[in-house]
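Notes for the structure review
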Amino acid sequence: INYVTCSCLHLYFCSGGTPTAKMEVKTSLLDNMIGVGDMVLLEPLSEDSFLDNLRKRFDHNEIYTYIGSVVISMNPYRSLPIYTPDKVEEYRNRNFYELSPHIYALADEAYRSLRDQDKDQCILITGESGAGKTEASKLVMSYVAAVCGKGQEVNKVKEQLLQSNPVLEGESKTLHPNSGGKYMDIEFDFKGDPLGGVISNYLLEKSRVVKQPRGERNFHIFYQLLSGASDDTLKQLKLDRDFSKYNYLSLDSAVVNGLDDAANFRTVRNAMQIVGFMEDEVQSVLELVAAVLKLGNIEFKPESRCNGTDESRIKDKNDLKEMCELLGIEQSVLERAFSYRTVEAKMEKVSTTLNVSQAYYARDALAKNLYSRLFTWLVSRINESIKAQAKTRHKVMGVLDIYGFEIFEDNSFEQFIINYCNEKLQQIFIELTLREEQEEYVREGIEWTNIEYFNNAIICDLIENNQNGILAMLDEECLRPGTVTDETFLDKLNTICAEHQHFESRLSKNSKFLTDHSLPHNCFRIQHYAGKVLYRVEGFVDKNNDLLYRDLSQAMYKANHSLIKQLFPEGNPAKVNLKRPLTAGSQFKTSVGTLMKNLQTKNPNYIRCIKPNDKKASHIFTDSLVRHQVRYLGLMENVRVRRAGYAFRQAYEPCLERYKMLCKKTWPHWRGPAREGVEVLMADLQVPAEEFSYGRSKIFIRNPRTLFFLEERRRQCLQDLATLIQKIYRGWKCRSQFLLLKQSQIVVAAWYRRFAQQKKYQNIKSATTVVQSYTRGWQARKLLRELKYQKRCEEAVTTIAAFWHGTQARMELRRLKQEARNKHAVTVIWAYWQGTKARRELRRLKEEARRKHAVAVIWAYWQGLKVRREYRKFFRANAGKKIYDFTIQRIMQKYFLGLKTTLPSMSPIDKNWPARPYRFLDGVHTELRRIFHLWRCKKYRGQFTEERKAVYEEKLEASEIFKDKKALYPSSVSQPFKGDYLEISKNPKYQKLNSAVDEKVLLADVVNKINRANGKGTARIFLLTKKSVVLADQKTGQVKASVPLPDVASVSVSTQSDGFFALKLKEGSASAVKGDFLLSSEHLIEIITKLHRIGVTAADREQLNIDISDEFLVQFKQDKVCVKFIQGGPKNGSGVSCKRKNNRLLEVSVPTTA
């Protein structure tokens, strides 16, 4: 089915399949227009009518207008309800001219060209400061994010790309919009889903860190930090909320209406977390921002030395001390760097003192470099998080949000290079739009009248020429020996550029009047494409040098802060480079050149932003300001080119494929060349000849109305085709249903006849069964009566016989009972006689026993009387004490004899002990229990061999390290520490590995070495000796790494039931080149215990530090990765799993123990 048939089917099914379904109503560019939506259609065309059209649309909240495919955007300075999700769906997959002008139309056109035609795109957003370029770039990115694919990973990438804006805006934005520029390349896969991005930053206005113009304030992040950070955070950073306590903060604009710094700070923190910043990285960034504020409070005072020279000293060292504490720098090192400067030339070093002005210059230079390098690091860090992971070729969409053209009362070096960048962008616009428009007509053989336009290449050459350009002369002046000032630079410009038609100064030939007071002596003027700009040369040389004393770089490199060494690599004493660094102008020129080359490789899409007034207020349209922007943006020239030429062009093949259904001769297939088919089509449609022209490969349509006419005819044709398809489909559907009903009737009739016959057969069968049952019942009843009669006769005989047998049995029973009664009577009489004899004998024996007992009692009393009479004299004085002592002695004797028989077993873990018989024995009873336990423990220890004793000592040490700290410990208590699990000395497979290790192997086991890239483990043999740790390949036995134990700084494990541990190596050691080791083992407790015992017993090494935490950092080569342990098992299986979340985070899922 061809394309049209598919479209018609789509219309039919979307309409619900009813013949009365209506086509979707679409708002065309020409429908319900306010003014003119496309300036190409403006009649008459003049600058005044152009401005009137913009004003009319602006007053009705129509802020977007077209010039062909170029979008003009007016900043409304307020929120409009034209960016809702419904609007996104409305412009999705629509023709550019199909709906009213909108930035979404351009974004959709660029995205579909990238996705469907595989063309890299770039969106160039240009305009003055405050014209809404940044907001336009956000709208483009949000639209692309809304219309591209969905999914967990895709949504994560989109969220990171969108949230990179708040992070960089907090660091680079001020009330003055052009404090930084940004170009982002968004990379897509073949489906059009975003994979990542790359951000480039251009010219952070770092001079604003130390000094702000009147009415402006410093970068937003300083105010956001002081307003939004918690009290604890400010206390850690040694800051105070009062803005007036910091010299670098401008107080006249510290608080801005409508700007919530506290909420913006929370937004920045949340965005950094989404992008992938670790908590320690966020803290490091805040510490550096606080250090910049502290740096501005350092003040100097002059002091005279004995040799007559002046030097500087710090007034109050409290801020210096707090800054050094934040950055981990020795206070004396930084204090000396502010007082002295060391100059190196070949093999000589000269140290000179700094006066107060030089010290202030060094302080401000350090602040500017610290902040700008921090911003560059942030860009690199964000790029690392959002970069595409796949290595395949990507589709790219570039979004350029960069400085607008600037004309202030006081223009300096920053405005000069900003305007230079805008000149280059205007040159790109000229080359890729105006010139390409004309050249394409000539290339296609279309009759064309050339339009003269201003080419600003001469201005770009004035600035960037490698020999006579202003930047080249500024670099030459900065590198020249001798006294170099801004005045000598201006003199050089007057000498070389005096005759240039776009350069003016007091001494140049283009200056009409030497007495012109609008052109001061220390200034020069350049005729830019946007107008004349007056530049003050004061500060040009210093800002271009961007010089930071080497002493300060080396002092920063000595810091213990995690970021400072990365920001100041030139401070490394081992890599001293005497070569002078590139100037700021050269660096910016190179980056702009790279940007231009990048833009020229992509298909451009233009958004020209215009600010309607300087007050940033809504509903105000300033004619003079808008007229000025229209002129320097070249919008009138663009309209004239589009009107003089053709508004629409398309290759013959797609044009014929799209509109061939409008002509019977070309529908459904055209067999000849595509151009002839288009000619036949246009002739059949009777389109006026002046409305189009035939090129060599394309057809050119002059007026968009002609295009709309073709589209409208095509829509009508599609609707007719849809109706035809509906008719054919409904006929087929009705015939199919009739045949189905007919076939169903035949099937139903057959089934009914079968059912009727089956029912008749069942009735006959049922009747036959009933007759048979009655016949069988009668026969059965007859037989039953005969059987019952026979049974009654048999029962009568049985009853008579039973009565006879019963009579005989009763007679026999009476006889037997009488005989038994006689025998029982004899037995009872004999028993009574025997009882009588026994009772008589018993009475006799009792009487005899009573007599013997009476004799014994009397004898005992007599003996007692004799004893008492004999010993009466001895018992009168101390009889009670002796009786007491005798009683106690007998009780103790009985207690010890009883304890001897009831002692518990000799097992040390047996806690049984006999109960005490008397309360006064409490102390003795407890002490005896303790002594007995100590004695049996000693006897138990005496049975130990030396090897068993060492095992128990290791178990005891493991208990001290891990008990109540790691969930894995209880399960390891019952497992003996074997040590050599591989039997490495006996196994011939490891004979080569055993010979490679000189010392005795204390532990040999197989561990998993965790890969940072994907979190998966690789099996390795782990050998531990008294001197080193060895990792070897499990299959070949080849040694992969050997780490001396002195190089192991610490070991990190989690608190959970996993086997992961990290061997952290000392920084600077030979073993730390490839970073730390993240391993996993089933015998984690034994490995860590043996490592700790070796450190304790070795006299020449420090005790090994063991860190037990659910989150720790591991150094992989140059990067630090956070390993985080969470509860909850993986999706498949119940074991521990390790997964890489991003470039800086490995997440280990540990199953929850029951």
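Residues numbered from 1 in each chain as written. Predicted model: local features only at pLDDT ≥ 70, side-chain atom pairs only at ≥ 80, totals over all residues. Heavy atoms only, no water.

Concerning the pairing of strand β27 (residues 1119-1127)
Two elements, strand β26 (residues 1111-1116) and β27, share 6 bridges in a ladder whose sense is antiparallel. Within the sheet, the bridge partner assigned to F1112 lies in β27 and is V1123. Counting the residues in the hairpin turn of β26 and β27 gives 2 residues, including K1117, whose phi is positive at 55°. Strand direction decides the pairing type here: β27 and strand β29 (residues 1145-1150), joined by 6 bridges, are parallel. Along β29, the bridge assignment pairs V1123 with L1146. (Pairing = 2+ DSSP bridges. Helix = DSSP H or I, 4+ residues; strand = E, 2+ residues; numbered from the N terminus.)

Examining the sheet that holds strand β22 (residues 1048-1053)
With respect to topology, 8 strands assemble into an open sheet ordered β21-β20-β19-β18-β24-β23-β22-β25, the strand pairing being mixed. Of all the strands in the sheet, just β21 (1039-1044) and β25 (1105-1108) have a single pairing partner and so form its edges. The mean inter-strand angle of the sheet, taken between neighbouring strand axes irrespective of direction, is 30°. Two strands pair when backbone bridges link them, and strand β18 (residues 1003-1010) and strand β19 (residues 1017-1024) are joined in this way by 8 bridges, in the antiparallel orientation. In the sheet register, V1006 faces β19, and the bridge partner there is I1021. (Axes fitted to C-alpha atoms, helices over the stretch in contact; angles between N-to-C directions.)

A closer look at the packing of helix α2 (residues 47-59) against helix α22 (residues 623-632)
Two quantities define a packed helix pair, namely the angle between the helix axes and the distance between the axes. Look at α2 against α22: their axes get within 11 Å of each other, and the N-to-C directions meet at 115°. Handedness of the crossing formed by α2 with α22: right-handed. Note on element contacts: α22 touches α2 through D623, V626, R627, V630 and R631, opposite E47, D48, F50, L51, L54 and R55. Of the residues that constitute the contact of α2 with α22, the class distribution is 5 nonpolar, no polar and 6 charged. (Left-handed = near helix turned anticlockwise from the far one by under 90°. Contact = heavy atoms within 4.5 Å. Nonpolar A, V, L, I, M, F, W, Y, C, P; charged D, E, K, R; others polar.)

Overview of the pattern of salt bridges
A complete count under the given rule lists 54 salt bridges for this structure. For E89, the salt bridge is made with R92, and the minimal N-O distance between the two is 3.4 Å. Its relative accessible area of 27% is what places R92 among the partly exposed residues. In this structure, K543 and E414 form a salt bridge, with 3.1 Å as the shortest nitrogen-oxygen distance. Taken together, the residues K543 in helix α18 (residues 540-545) and E414 in helix α14 (residues 413-444) connect sequence positions 129 residues apart. The exposure class assigned to E414 is buried, which follows from its relative accessible area of 8%. If you follow the salt bridges from partner to partner, you end up with E47, D48, R627 and R631 in one network. (Salt bridge = Lys/Arg side-chain N within 4 Å of Asp/Glu carboxyl O. Buried < 20%, exposed > 50% of the residue type's maximum accessible area, 1.4 Å probe, protein only.)

Some remarks on the UniProt feature "binding site: ATP" (unreviewed entry) in the protein
As annotated by UniProt and renumbered to match this structure, "binding site: ATP" (unreviewed entry) occupies G127, E128, S129, G130, A131, G132, K133 and T134. In this structure, the second largest cavity is lined, among the annotated residues mentioned, by G127 and E128. One can find G127 in strand β3 (residues 121-127). The residue E128 is located in the loop between β3 and α5 (133-147) in this model. Since its relative accessible area comes to 9%, E128 is described here as buried. (UniProt positions renumbered as here; feature names shortened; annotations may be inferred. 1 Å grid on protein atoms, 1.4 Å probe; cavity = no way out; pocket = protein on both sides within 12 Å on 5 of 7 lines; lining within 4 Å.)

Focus on the nonpolar core
Residues F50, F222, L334, F338, L366 and F524 are the most contacted members of the largest nonpolar core, which totals 197 residues. Element by element, the count of residues in this core is highest for helix α13 (residues 356-386), at 15 residues. For L334, the contacting residues outside a window of four places in its chain are L320, M323, C324, I329, L366, L552, A555 and M556. Formed by 31 residues, the second largest nonpolar core is a distinct cluster that contains L1024, V1051, I1094 and I1106. (Core = buried A, V, L, I, M, F, W, Y, C linked by side-chain atoms within 4.5 Å.)

Looking at empty space enclosed by the protein
Applying the stated criterion across every chain yields a total of 4 cavities of 30 Å³ or more. A volume near 90 Å³ is recorded for the largest cavity. If you trace the largest cavity, you find 10 residues lining it, with M141, V144, A145, L161 and I186 closest to the centre. Elements with a minimum of two residues in the lining of the largest cavity: α5, α6 (152-172) and β4 (181-188). (Points joined across faces, edges and corners; volume = space filled by probe spheres on them.)

Quick look at a positive patch on the surface
A surface patch of like charges, here positive, comprises K938, K939, R941 and K949. Sorting elements by how many residues they give to the positive patch places helix α28 (residues 922-941) first, with 3 residues. Mapped onto the elements of the fold, R941 is located in helix α28. (Patch = residues over 30% accessible without salt bridge, like charges linked within 9 Å, V, L, I, M, F, W, Y side chains within 5 Å. Areas by Shrake-Rupley, 256 points an atom, 1.4 Å probe, with all protein chains shown as cover. Lys, Arg positive; Asp, Glu negative; His and termini not counted. Charge placed at Lys NZ, Arg CZ, Asp CG, Glu CD.)

Re the sheet that holds strand β28 (residues 1137-1142)
An order of β26-β27-β29-β28 is seen for the 4 strands of this open sheet, with the pairing classed as mixed. Where the open sheet ends on each side, the last strands, each with one partner, are β26 and β28. The mean inter-strand angle of the sheet, taken between neighbouring strand axes irrespective of direction, is 30°.

Observations concerning the pairing of strand β23 (residues 1060-1065)
Judged by how many residues are buried, β23 sits mostly within the fold: 6 of 6 residues are covered. In β23, alternate side chains face the same way, and those of F1060, A1062 and K1064 on one face and F1061, L1063 and L1065 on the other are all buried. Here β22 runs beside β23; their pairing, made up of 5 bridges, is antiparallel. Following the sheet pairing, S1050 is matched in β23 by K1064. A loop of 6 residues connects β22 with β23, the two strands running antiparallel in sequence.

Describing the packing of aromatic side chains
The tally for this structure, following the rule as stated, stands at 29 aromatic pairs. Taking the centre distance of 5.6 Å and the plane angle of 85° together, the rings of F413 and F540 count as edge-to-face. Placement of the pair is F413 in helix α14 and F540 in helix α18, with a sequence separation of 127 residues. By relative accessible area, which is 0% here, F540 ends up buried. (Phe/Tyr/Trp six-rings, centres within 6.5 Å; stacked < 30°, edge-to-face > 60°.)

Structural notes on the packing of helix α12 (residues 331-339) against helix α19 (residues 550-557)
With their axes 9 Å apart at the nearest point, α12 and α19 run at an angle of 170° to one another. By the angle between their axes, α12 is roughly antiparallel relative to α19. Counting all contacts with α12, which are made through V333, L334, A337 and F338, the residues of α19 involved are D551, L552, A555 and M556. Of the residues that constitute the contact of α12 with α19, the class distribution is 7 nonpolar, no polar and 1 charged. (Parallel < 35°, antiparallel > 145°, perpendicular 65-115°, else oblique.)

Here we look at unusual backbone geometry
Going from W667 to P668, the amide bond is cis rather than trans, its omega being 0°. Tracing the sequence through the fold places P668 in the loop between α24 (652-659) and α25 (674-685). Its identity is not glycine, yet H619 carries a phi of approximately 65°, on the positive side. With respect to the helices and strands, H619 occurs in the loop between β14 (603-610) and α22. Positive phi, close to 50°, is recorded for E983, a residue that is not glycine. Inspection of the secondary structure puts E983 in the loop between α30 (969-973) and α31 (991-996).

Some words on the side chain of K611
Among the structural elements, K611 can be located in the loop between β14 and α22. A distance of 3.2 Å separates polar atoms of two side chains, one belonging to K611 and the other to D614. Sequence-distant contacts of K611, defined by excluding residues within four places in its chain, comprise Y77, E128, S129, G130, A131, L625, V626 and Q629. (Polar contact = N/O pair within 3.5 Å; in protein donor to acceptor, adjacent residues only side chain to side chain.)

Concerning the side chain of Q1056
Looking at where Q1056 falls in the secondary structure, it is placed in the loop between β22 and β23. On the basis of relative accessible area, Q1056 is assigned to the buried category, the value being 6%. Polar contacts involving the side chain of Q1056 include one to the side chain of Q1127, which spans 3.1 Å. With near-sequence residues (within four places) excluded, Q1056 lies in contact with K966, A967, L968, D1110, F1125, I1126, Q1127 and V1150.

Digging into the confidence of the model for the protein
For the protein, the average pLDDT comes to 83, and 89% of its residues sit at 70 or higher. Contacts for the low-pLDDT stretch residues 1-28, under 50 throughout, to residues beyond four places or in other chains number 45 contacts. Overall, residues 175-179 carries pLDDT values under 50, and its contacts beyond four positions in sequence, including any with other chains, amount to 30 contacts. (pLDDT = per-residue confidence, 0-100.)

Overview of helix α29 (residues 946-962)
In a regular helix each residue adds 1.5 Å, so 17 residues correspond to 24 Å; α29 covers 24 Å between its end C-alpha atoms and thus fits that length. For α29, the complete set of buried residues consists of E954, K955, E957, A958, S959, I961 and F962. For α29, the N-terminal capping position is held by T945, with its side-chain oxygen 3.3 Å away from the main-chain nitrogen of R948. (Expected span 1.5 Å × (residues − 1).)

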